[in-house]
There are 2 protein chains.
Amino acid sequence: MKRHFEEIEQGLKEQVLGMGAVVEEMIHLATKGLLERKEEPLREVHEREKRVNRLHIDIDEGCFKLLALHQPAAQDLRFVMAVVKINSDLERIGDQAVNVAQSTAVLLKQPPLARKLLDIPRMSELASSMLKDSLDAFARKDAELARSVVRRDTEEDKLKSEAFHELMHIMQSDSSTIQRALGLILIARNLERIAAHATNVAEDVIFMTLGKDIRHHAEDEER
Amino acid sequence: MKRHFEEIEQGLKEQVLGMGAVVEEMIHLATKGLLERKEEPLREVHEREKRVNRLHIDIDEGCFKLLALHQPAAQDLRFVMAVVKINSDLERIGDQAVNVAQSTAVLLKQPPLARKLLDIPRMSELASSMLKDSLDAFARKDAELARSVVRRDTEEDKLKSEAFHELMHIMQSDSSTIQRALGLILIARNLERIAAHATNVAEDVIFMTLGKDIRHHAEDEER
């Protein structure tokens, strides 16, 4: 029984990492479409969404079966609980990448803004690296790496606020930019959401590895 | 043992419904602040967030203990899995209500727009009713009511798109409205996210009740 459990656990882990790789690609493709002003990568984002949705359901089913048939305890149970939550965050990251692709498709119908994309490429890189590291932390049960992801989230938040204010000023100084600047504001927000979901993944890895719930920590200290 | 399990299950259920009631209030208070242009309800939103964060952690711990100590199967296991996910959606609804309160606080520093709030009050009502019904469906294990929540999600999406386009036109015709219209666009988006999370809750209730995963159903049919 124990041997069998480990095999299923390993299978689930590989599915999560596979799903993580697909959503990483989706972020990359959506950003590539935006930066290179090409439609083909955007179509590929939509293609990959179907695979993500399939994995989302399969991984949930795998967790359910593992719990029903093997009644894991302690660390094994923390692993399954973490997978249930990581699965949901990865699916939402995929949704956000689809949103970026959709906003980009609208932007490509118009000429680029003079100020171009501001810090958006940097936001995309940071969000991707946070996702990648949170998945590596999951694969290696590396709580330190996971903590470094949590720390990077404020940087993404800062970039989003800056992009937001700059884009608002661009709109205010030239009303012909409004639609495009609005598209970029939404994209910046999607990227910030991706970073927030990567942070959730990292928090789940910390819980899985150390058995410690670090969420809402700042508020806890206030009480 | 069985008796004890039922007591813990009942306790978890009450915690979820309690958390649901708090986040419902947060939506109501944030919207009240916006409609009546008052700051006091916005402060109350932030107050309640602490309680939501505490419940978020407590409910997760309760689920973990239930799984570790009682190894539930079949319907009982589906209940715990549903609670884990519903817990996460409720916490995010709370976050979105906080976002509405934050955008509203900025809006209150300026005079209202001539076109005022468009369909935003209706969006808030619809999102609240979806949340309320998804929680009632959870309490009563009512899959039919849960399905009705899932069906209403497209209506909220439509209202958000309409608000988005109207607000973009308002910005384009009068650049002095840009900051305020942008605030309302973000609020419309938050309300649409609340409706989407309520839909997730309803989908989890359907899975819990019928053992059927209806998520990503449209895409499944395409394949």
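Above this text is the structure in question.
**Q** I keep staring at the packing of helix 4 (residues 120–140) of chain A against helix 6 (residues 178–210) of chain A and nothing clicks. Help me out?
**A** The angle between the axes and the distance between the axes are what describe a pair of packed helices. All names here are of chain A. Where helix 4 meets helix 6, the axes come as close as 9 Å, and the angle between the chain directions of the two elements is 15 degrees. Here helix 6 runs roughly parallel to helix 4, going by the angle between their axes. Where helix 4 crosses over helix 6, the handedness of that crossing is left-handed.

**Q** What exactly am I supposed to notice about the pattern of salt bridges here?
**A** As enumerated under the stated definition, the model contains 38 salt bridges over all chains in all. Here Glu36 of chain A ties to Lys38 of chain A by a salt bridge, and the two come within 3.1 Å at their closest N and O atoms. Using a relative accessible area of 43% as the deciding quantity, one classes Lys38 of chain A as partly exposed. Residues joined in a network through salt bridges with shared partners are Asp60 of chain A together with Lys85, Asp213 and Arg215 of chain B.

**Q** Whenever I open this one, the nonpolar core confuses me. Can you help?
**A** In a soluble, globular protein the nonpolar side chains are often hidden away together inside. With 151 residues, the main nonpolar core has Leu90, Met171 and Leu184 of chain A together with Leu90, Leu167, Met171 and Leu184 of chain B as its most contacted residues. When residues no more than four places from it in sequence are discounted, the contact partners of Leu90 of chain B are Val16, Met19, Gly20, Val23, Leu131 and Leu135 of chain B.

**Q** What am I meant to see in the relation of the copies chain A and chain B here?
**A** Turning one copy of the chain about an axis and sliding it along that axis gives the other copy, so a rotation and a shift relate them. For the pair chain A and chain B, the best superposition has an RMSD of 0.0 Å and corresponds to a rotation of 180 degrees with a translation of 0.0 Å parallel to the axis. What we have between these two chains is a two-fold relation. Minimal C-alpha distance to the rotation axis in chain A is attained by Gln71 of chain A, lying at 2.7 Å. Comparing interface residues between copies, 100% of those in chain A also sit at the interface in chain B, which points to an isologous, same-surface contact.

About the criteria used
- Residues numbered from 1 in each chain as written.
- Chains lettered and ligands numbered in written order.
- Predicted model: local features only at pLDDT ≥ 70, side-chain atom pairs only at ≥ 80, totals over all residues.
- Heavy atoms only, no water.
- Axes fitted to C-alpha atoms, helices over the stretch in contact; angles between N-to-C directions.
- Helix = DSSP H or I, 4+ residues; strand = E, 2+ residues; numbered from the N terminus.
- Parallel < 35°, antiparallel > 145°, perpendicular 65-115°, else oblique.
- Left-handed = near helix turned anticlockwise from the far one by under 90°.
- Salt bridge = Lys/Arg side-chain N within 4 Å of Asp/Glu carboxyl O.
- Buried < 20%, exposed > 50% of the residue type's maximum accessible area, 1.4 Å probe, protein only.
- Core = buried A, V, L, I, M, F, W, Y, C linked by side-chain atoms within 4.5 Å.
- Contact = heavy atoms within 4.5 Å.
- Least-squares fit on C-alpha atoms with pLDDT ≥ 70 in both.

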